[in-house]
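Structural characterization, general
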Amino acid sequence: MNPKIRLLKRNARANWELYLFLLIPTVWLIIFRYVPMYGVQIAFRDYTFRDGIWGSPWVGFYQFTRFFHSPVFWRVFRNTLTLSLYNLFAVFPIPIILALTLNTMRFPSYKRFIQMVTYLPFFISEVVLVGMLMIVLHPRVGLYANVYNYFTGEYPRNIFASAAAFPHLYVWSGAWQIVGFSSIIFLAALSAVDPELHEAAIVDGATRVQRVRYIDIPAILPTITILLILRAGSIMSVGFEKAFLMQNDLNRLTSEIISTYVYRVGLVSGTGNFSFASAVGLFDSVINLTLLILVNGISRKLNETSLW
């Protein structure tokens, strides 16, 4: 018998309780992640309920070609990529800065207060968040309208009806919601920094900014790299719920993304165009997988930090 298999059996017998705990997430992964892959073939068929998956005719890449030649392809692709990149470059650094700032605070009570205030928005659902935005930014009775009217004597235009304002509203409301919670992982990484390094730096005359630059940032750089790789792997997966709730006919020019487009053509249209919607969704997933592999390989070559 192979020595590795023999060692695995020995470990399984000795630690069977741990393997039993592993069984639950493994079953969940198989049922909800691998079994649904059976339905991916719908994207390559002209699917109908009557014929079922296997009975529907095979059309190959027809649905993908149809999407690529669709007049909305470049618009939804551009909107999805723009929102994702905007969110990545504008929001991703903020939790890092917040964690570094909290880590250098001298007063624990003030630090805990800032953490509590920044963490709370994360527990607000997307529906409630969009509802809050609609109330605050209402062009007649909202807080924004009242402040604007107080200083100008006029009422502002409806921000939710502005296609140009949608990306900014989407990204920065999301930043307010997730920045505090996202900083937790960086604070955890900073807690592993040896205090003696800071003590030695203080003795050598290093300022607080220099200690952050030469001690704290290098310590959390591997964590930053891993999270950046994961973000690159989901760069085309802009959240459906929030975009759908904020979307209307007046801002659809910039708010129509791949996930909302899939929902609209697959379910709302009433045409039962499931194959086309599946092809669009599969295209989105393939792009994400390609970017994940590419960014992971680049990271491994540059700083030897990668997912695999």
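The present account deals with the structure reproduced in this document. (Residues numbered from 1 in each chain as written. Predicted model: local features only at pLDDT ≥ 70, side-chain atom pairs only at ≥ 80, totals over all residues. Heavy atoms only, no water.)

1. Here's the deal with the overall build of the protein chain
Keep this limit in mind: Helix numbers and strand numbers start at the N terminus; a helix is a DSSP run of H or I with at least 4 residues, a strand a run of E with at least 2. In this treatment the radius of gyration is a C-alpha quantity, and the globule benchmark scales as 2.2 Å times the residue count to the 0.38 power. Under the scheme applied here, a residue whose accessible area is under 20% of the maximum for its type counts as buried, over 50% as exposed, and between as partly exposed, the area being computed with a 1.4 Å probe on protein chains only. Should any heavy atoms of two residues lie within 4.5 Å, those residues are counted as being in contact. Each accessible area value is a Shrake-Rupley result obtained with a 1.4 Å probe; residue values ignore everything except the protein chains displayed when judging cover.
In terms of regular secondary structure, the protein chain is built from 16 helices and 0 strands. The C-alpha radius of gyration of the protein chain comes to 25 Å, more than 25% above the 19 Å expected for a compact globule of 308 residues. If one aligns the C-alpha atoms of the protein chain with their principal axes, the spans along those axes are about 85 × 75 × 35 Å. Burial statistics for the protein chain: of 308 residues in total, 36% are counted as buried. Counting only contacts in the protein chain whose residues sit at least 6 apart along the sequence, the fraction spanning at least 24 positions is 64%. Accessible surface computed for the protein chain: about 19,200 Å², of which carbon and sulfur atoms make up 69%.

2. Describing helix H6 (residues 93-103)
Among the residues of H6, Pro 95, Ile 96, Leu 98, Ala 99, Leu 100 and Leu 102 are the ones counted as buried. Residues of H6 that are buried sit in contact with helix H5 (73-91), helix H7 (108-119), helix H10 (166-190) and helix H12 (208-232).

3. Considerations on the packing of H6 against H10
A pair of packed helices is characterised by two quantities: the angle between their axes and the separation of those axes. Applied cut-off: Only the stretch in contact is used when a helix axis is fitted, and all axes are lines through C-alpha atoms; the angle between N-to-C directions ranges over 0 to 180 degrees. Throughout this description, any angle smaller than 35 degrees is read as roughly parallel, any larger than 145 degrees as roughly antiparallel, any in the 65 to 115 degree range as roughly perpendicular, and the remainder as oblique. The crossing is said to be left-handed when, going from far helix to near helix, the turn is anticlockwise and less than a right angle, and right-handed when the turn is clockwise. Ten residue types, Ala, Val, Leu, Ile, Met, Phe, Trp, Tyr, Cys and Pro, are classed as nonpolar, four, Asp, Glu, Lys and Arg, as charged, and the remainder, Gly among them, as polar.
Orientation of H6 relative to H10, taken along the N-to-C sense of each, is 50 degrees, at an axis distance of 7 Å. The angle between the axes of H6 and H10 places the two elements in the oblique class. When you trace H6 past H10, the crossing you get is right-handed. Only Trp 172, Val 179, Gly 180, Ser 182, Ser 183, Phe 186, Leu 187 and Leu 190 of H10 make contact with H6, whose side of the interface consists of Ile 94, Pro 95, Ile 96, Leu 98, Ala 99, Leu 100, Leu 102 and Asn 103. Its residues assigned to classes, the contact of H6 with H10 shows 12 nonpolar, 4 polar and no charged.

4. Re the pattern of salt bridges
One side chain can pair with another of opposite charge once the charged atoms of both are near each other. Under the convention used in this document: Here, a salt bridge means any Lys or Arg side-chain nitrogen found within 4 Å of an Asp or Glu carboxyl oxygen.
Using the criterion set out here, one finds 4 salt bridges in the structure. Note that Asp 249 and Arg 252 form a salt bridge whose closest N and O atoms lie 2.9 Å from each other. Take Asp 249: its relative accessible area is 66%, and that puts it in the exposed class. Ionic pairing is found between Glu 256 and Arg 252, a salt bridge with its closest N-O pair at 3.9 Å.

5. Concerning the side chain of Ser 173
Tracing the backbone shows Ser 173 in helix H10. Judged by its relative accessible area of 7%, Ser 173 falls in the buried class. Excluding residues within four positions of it along the chain, Ser 173 makes contact with Leu 129, Leu 133, His 168 and Lys 242.

6. Regarding the packing of H10 against H12
The N-to-C vectors of H10 and H12 enclose an angle of 140 degrees; their axes lie 9 Å apart at closest approach. Judged by the angle between their axes, H10 and H12 are oblique. Where H10 crosses over H12, the two elements pack in a sense that is right-handed. Listed contacts from H12 to Ile 185, Phe 186, Ala 189 and Leu 190 of H10 are Asp 216, Ile 220, Thr 223, Ile 224 and Leu 227. In terms of residue class, the contact of H10 with H12 is made up of 7 nonpolar, 1 polar and 1 charged.

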